[in-house]
Amino acid sequence: AEESPRHNAVVEAVSRVMPGVVNIATKTRVQRVRYYYDWWRDNWAPYAQELPLQESAGSGVVVDTSGYVLTNVHVVKDAVEIWVKINDQNGETKVYQAEAIAGSLTTDIALLKITPKEPDEIFTAATFASDDDLLLGETVLALGNPFGLGGSVSRGILSSKSRRAETGGSKLDIPDWLQTVASINPGNSGGPLINLDGEIIGINVAVLKEGQGIGFAIPGERALKIATDLLYYGSVRAPWLGADLQDIDRRRLSGTPLQEGAVRVVGTFPDGPAAKAGLQ
């Protein structure tokens, strides 16, 4: 029989990735430091008072079948309890406890590990698109847990491959974010941005409050590299050129005008990336 047109590329991509998308719930301990008159009023009460645990929600995506989950640092920062909810391929909802393995505030990428309920339990992991496999204007899908409502899908296009934005008043160390018109709402943070092949091209991170339909995602290959560094080294390893550079004045060198801020290579490290690339 002819296949229903309802089973299009969007539906196929969502069905492939959604079992690896997790809803993250956290509880965070907050302290309130009392004023001087509070201290007198409460008659020798502790100076720092613990408030009830604050609850929040976010998203993540399983990137390894053993249960490693990629999300944003601001989703799990200061959490004392982390719980993830997964809707598996059979439509069954399962809830697991998870722990934060490592995170990088400057990149806003965190790595969690799900605590399995059974030995050798296997989780459905999403796959990443090839490096820089991005088409401007292609259809993209944002998956996540907006406003704690549960697994949700929004559709849009890839608006830009190299936007720069600020979050929380400070610029992150991600130089080129992806921009999309797919709806990214509070709670979507940490969820995947995927293409129609069901591959991760980004990790949802922020929206521009002043605009409409302007959301941002950390590029997938960069998020994967950060997660790998966090897993194996416990921190993000900065790229290394392997060369000593020296600022030079703007002037003509060999008849060629130099741009302002040009540098001269004064040395390279043996067997370093610069030396292997032929930089002299």
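Every value quoted in this text rests on a predicted model; they were computed, and no experiment measured them. (Residues numbered from 1 in each chain as written. Predicted model: local features only at pLDDT ≥ 70, side-chain atom pairs only at ≥ 80, totals over all residues. Heavy atoms only, no water.)

A.B. asks: Can you help me understand the pattern of salt bridges in this one?
C.D. replies: Note on pairing: side chains with opposite charge can pair once their charged atoms come close. All told, the structure shown has 2 salt bridges when counted by the stated rule. In this structure, the salt-bridge partner of D78 is K77, at a minimum N-O distance of 3.2 Å. Residue class for D78 comes out exposed when judged on its relative accessible area of 51%. K77 gets classed as partly exposed once you look at its relative accessible area, which sits at 44%. A salt bridge links D229 to K225; the shortest N-O distance between them is 2.7 Å. (Salt bridge = Lys/Arg side-chain N within 4 Å of Asp/Glu carboxyl O. Buried < 20%, exposed > 50% of the residue type's maximum accessible area, 1.4 Å probe, protein only.)

A.B. asks: Any chance you could explain the nonpolar core here in plain terms?
C.D. replies: Nonpolar side chains tend toward joint burial in soluble globular proteins. L70, I109, L141, L143, I194 and I200 are the most contacted members of the largest nonpolar core, which totals 27 residues. Of all the secondary-structure elements, those providing two or more residues to this core are α1 (9-17), β8 (109-114), β10 (139-144), β16 (199-207), β17 (215-219) and α4 (220-233). Once you skip the residues sitting within four places of it in the chain, L141 turns out to touch V10, A13, V14, V153, S154, R155, P192, L193, I194 and L196. Grouped together as the second largest cluster of nonpolar side chains are 16 residues, V75, I86, Y96 and A110 included. (Core = buried A, V, L, I, M, F, W, Y, C linked by side-chain atoms within 4.5 Å. Helix = DSSP H or I, 4+ residues; strand = E, 2+ residues; numbered from the N terminus. Contact = heavy atoms within 4.5 Å.)

A.B. asks: Got a minute to help me understand the environment of L111 in this structure?
C.D. replies: Tracing the backbone shows L111 in strand β8. For the pair L111 and Y68, spaced 43 residues apart in sequence, the C-alpha to C-alpha distance is 6.8 Å. Not counting chain neighbours up to four residues away, the residues in contact with L111 comprise Y68, V69, L70, E99, A100, I101, A102, A227 and L231.

A.B. asks: What exactly am I supposed to notice about the side chain of T180 here?
C.D. replies: Mapping T180 onto the fold places it in strand β14 (residues 177-180). At a separation of 2.9 Å, a polar atom in the side chain of T180 contacts the main-chain carbonyl oxygen of I157. Those residues in contact with T180 that sit more than four places away from it in its chain are V140, I157, S159, L193, G213, I214 and G215. (Polar contact = N/O pair within 3.5 Å; in protein donor to acceptor, adjacent residues only side chain to side chain.)

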